[in-house]
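A look at the structure
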Amino acid sequence: MLDLPDAGLYRTTQPLPGHEDAFPAGVLVYVGQSESGVKFVVRPADNRRNRWFWRDPTTPLRSPTWAKTLKALPSEGFYTLPEPVNFDGGGRWLKNALVELGYNDKGQGILFVGEWKEDGTENVLSFSDRGLLIEDSLLARLTWAPILPVRGNAAPANLNS
């Protein structure tokens, strides 16, 4: 059996041999597994609401050597900041601020801070489509925030399940 990575987001550090144009060094990829158990790699197709979506074609992943060169990335989603983030032109995001983590097509982390509109009519947080590009050192220290997805008018889910 081939020693291949778990499903998830990765950044390539070397081109995939035989597929250098489709999978060059320094791009975001998703490693997945088909229903038949075959591991595959795919580039992002489009980005909506700060999240990437994937579609065919996928490329079978058969190179454990190349797979070992992939840099694992945290999942897209919601996190809290481990420290304040200060901006060059003034302003800052506070420690423990709720942020959404996304990526550019190069696999670099982008943070989008949660904002609550004081004069709004809805009790919701909003996340801009413009974020802050961050270094891998901060990316590795983010703390996952368990924000539950809700579909339509569904009742709130139980956090303990």
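Preceding this paragraph is the structure being described.
Residues numbered from 1 in each chain as written. Predicted model: local features only at pLDDT ≥ 70, side-chain atom pairs only at ≥ 80, totals over all residues. Heavy atoms only, no water.

A word on the packing of aromatic side chains. All chains considered together, the criterion is met by four aromatic pairs. Relative to tryptophan 54, the ring of tyrosine 30 has its centre 5.6 Å away and its plane inclined at 35°; by these criteria the two rings are tilted. Of this pair, tyrosine 30 sits in strand β2 (residues 28–33) while tryptophan 54 sits in the loop between β5 (51–53) and β6 (59–60), and the two are 24 residues apart along the sequence. Joined through ring pairs, the aromatic side chains of Tyr30, Phe40 and Trp54 make up one cluster. The aromatic ring of phenylalanine 53 is capped on one face by arginine 48, whose charged end is 3.7 Å from the ring centroid. (Phe/Tyr/Trp six-rings, centres within 6.5 Å; stacked < 30°, edge-to-face > 60°. Helix = DSSP H or I, 4+ residues; strand = E, 2+ residues; numbered from the N terminus. Lys NZ or Arg CZ within 6 Å of the ring centre and 35° of its normal.)

A word on the sheet that holds strand β7 (residues 71–72). Strand order in this open sheet of five strands is β6-β3-β2-β1-β7, and the pairing throughout is antiparallel. Each edge of the open sheet is held by one strand with a lone partner, namely β6 and β7. (Pairing = 2+ DSSP bridges.)

All right, on to the side chain of aspartate 46 then. Residue placement: aspartate 46 occurs in strand β4 (residues 46–48). Dropping the residues within four chain positions of it, aspartate 46 is found in contact with Arg51, Trp52, Phe53 and Arg55. (Contact = heavy atoms within 4.5 Å.)

The next thing to look at is unusual backbone geometry. With an omega dihedral of 5°, the bond running from aspartate 56 to proline 57 counts as a cis peptide bond. Considering the arrangement of structural elements, one finds proline 57 in the loop between β5 and β6. Phi angles above zero are rare outside glycine, and asparagine 50 is one such case at about 70°. Structurally, asparagine 50 is set in the loop between β4 and β5.

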